[in-house]
Amino acid sequence: PYNLFLGNTIMSEILFIFLLVLCLYWFCRWYDCGWYRFAAMTGLVLGLTVLTRPIAPFVLASIFLFFFILRRWQIDWRQTLTSGGLFLALFCLTIIPWLWRNYQVFGVADFTPVPVNYAFYSRVVPMAVSIERDLTPAAASLIVDRELPDKIPNFSSIKFDHTFEYVPQLKADAIAAFKAHWPAII
């Protein structure tokens, strides 16, 4: 529904959805036929999808796993490994230039500074705060967002949104919160 209001606005969602559907199309063709060109197209389009939105690998990995489980008894391992290798090679060739660029500019080979890392942080840490302070999840989320700038010395929202500088702190806090309350968080 959100996209309906922004139909005339240039945003990555439209390209992401198009590439995601195209990737699923090529994957289904690859799944049905097993042809190498479909594996190659799937890898190429998945790489472009990941460059558009870094969340794509998580979505598509679950779909690939589902289809793999469906055919677990009917797999021709030689063809599967060859086409899978071709798929991975084209996927990697598509994303490596961006990862290399980020490594050269920011010193981190990651797709994006904030969204994936902050998404992990903003899901896990509020759950831990909710448990520790006996708060509702909504109240804990507000507290975590309010306290984030105080946790990081010389916090800058510009740096937060556009660099990788705060990623190690976000990861460390999220991992510590997860380790402290992993049964409840899972």
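Along each chain, residue indices are assigned from 1 in the same order as the chain's sequence is written. Owing to the predicted nature of the model, reporting of local features is limited to residues with pLDDT of at least 70; listing and counting of side-chain atom pairs is limited to 80 or more, with chain, interface and lining totals taken over all residues. To get the side-chain values, all heavy atoms of the structure are used, and hydrogens and water are removed first.

S.K.: Give a detailed account of the packing of helix α2 (residues 12-33) against helix α3 (residues 36-52), specifying residues and quantitative values.
M.R.: To define axes, lines are fitted to C-alpha atoms, for helices over the stretch in contact only, and angles between the resulting N-to-C directions are given on a 0 to 180 degree scale. Secondary structure elements follow DSSP: runs of H or I of four or more residues count as helices, runs of E of two or more count as strands, with numbering from the N terminus. Close contact between α2 and α3 brings their axes to 8 Å; oriented N to C, the two are set at 160°. With respect to their mutual orientation, α2 and α3 come out roughly antiparallel. Handedness of the α2/α3 crossing: left-handed. Residues S12, L15, F16, L19, L20, L22, C23, W26, F27, R29, W30 and C33 of α2 pack against F38, A39, M41, T42, V45, L46, L48, T49 and T52 of α3. To sort the angles, those under 35 degrees are grouped as roughly parallel, those over 145 as roughly antiparallel, those from 65 to 115 as roughly perpendicular, and the leftovers as oblique. When the near helix sits turned anticlockwise from the far one by under a right angle, the crossing is termed left-handed; a clockwise turn instead gives a right-handed crossing. We call two residues in contact when some of their heavy atoms are within 4.5 Å.

S.K.: Tell me about unusual backbone geometry, residues and numbers included.
M.R.: One non-glycine residue with positive phi stands out, namely D134, at about 55°. Along the chain, D134 falls in the loop between α6 (115-133) and α7 (137-151). The backbone of N154 shows a phi angle near 55°, a positive value even though the residue is not glycine. Residue placement: N154 occurs in the loop between α7 and α8 (157-162).

S.K.: Can you tell me about the pattern of salt bridges, naming the residues and giving the values?
M.R.: Counted as salt bridges are all cases of a side-chain nitrogen of Lys or Arg within 4 Å of a carboxyl oxygen of Asp or Glu. Taken as a whole and assessed by the stated rule, the structure comprises two salt bridges. Where E147 meets R133, a salt bridge forms, and the shortest distance between an N and an O atom there is 3.3 Å. Residue E147 is found in helix α7, and its partner R133 is found in helix α6; the two are separated by 14 residues along the sequence. A relative accessible area of 29% places E147 in the partly exposed class. Summary of the burial criterion: residues with accessible area below 20% of their type's maximum are buried, those above 50% are exposed, and those between are partly exposed, where the area comes from a 1.4 Å probe applied to protein chains only.

S.K.: Tell me about the side chain of S130, residues and numbers included.
M.R.: If you trace the backbone, S130 turns up in helix α6. For S130, a relative accessible area of 13% corresponds to the buried category. Once you skip the residues sitting within four places of it in the chain, S130 turns out to touch L135, T136, P137 and A140.

S.K.: Got a sec to walk through the nonpolar core? Specific residues and values, please.
M.R.: Within this scheme, the nonpolar core is defined by two criteria: the residues are buried Ala, Val, Leu, Ile, Met, Phe, Trp, Tyr or Cys, and they are joined through side-chain atoms within 4.5 Å. Formed by 15 residues in total, the largest nonpolar core has its most connected members in Y121, V125 and L148. At the level of elements, α6, α7 and α9 (167-180) are the ones that each hand at least two residues to this core. In terms of residues, this core owes the most to one element, α6, which gives five residues. Beyond its immediate sequence surroundings of up to four residues, V125 is in contact with V144, K151, D173, A174 and A177. The next biggest cluster of nonpolar side chains, apart from the first, holds 14 residues, and it includes C23, F27, V50 and L99.

S.K.: Can you break down the packing of α3 against helix α5 (residues 77-106) residue by residue, with the values?
M.R.: Packed helices, taken two at a time, are described by the angle between their axes plus the distance between the axes. Running from N to C, α3 and α5 cross one another at 30°; their axes reach a closest spacing of 8 Å. Looking at the two axes, α3 sits roughly parallel to α5. Two packed elements cross with a definite hand, and for α3 against α5 that hand is right-handed. The segment α3 lies against α5, with Y36, A39, A40, T42, G43, L44, L46, G47, L48, V50 and L51 engaging Q79, T82, S83, L86, F87, L90, F91, T94, I95 and W98. Under the scheme applied here, ten amino acids are nonpolar (Ala, Val, Leu, Ile, Met, Phe, Trp, Tyr, Cys and Pro), four are charged (Asp, Glu, Lys and Arg), and all others, including Gly, are polar. In terms of residue class, the contact of α3 with α5 is made up of 14 nonpolar, seven polar and no charged.

S.K.: For the side chain of T42, give the residues involved together with the corresponding values.
M.R.: If you trace the backbone, T42 turns up in helix α3. In the analysis that follows, any N or O atom pair within 3.5 Å is treated as a polar contact, provided that within protein one partner can donate a hydrogen and the other can accept it, and provided that, for residues neighboring in sequence, both atoms belong to side chains. Only 2.7 Å separates the side chain of T42 from the backbone oxygen of F38, close enough to count as a polar contact.

S.K.: An account of the confidence of the model for the chain is requested, with residue identities and associated values reported.
M.R.: pLDDT expresses how confident the predictor is about each individual residue, on a scale running from 0 to 100. Averaged over every residue, the pLDDT of the chain is 80; the share at 70 or more is 80%. When mean pLDDT is compared element by element in the chain, α3 scores highest at 88, while helix α1 (residues 2-5) scores lowest at 62.

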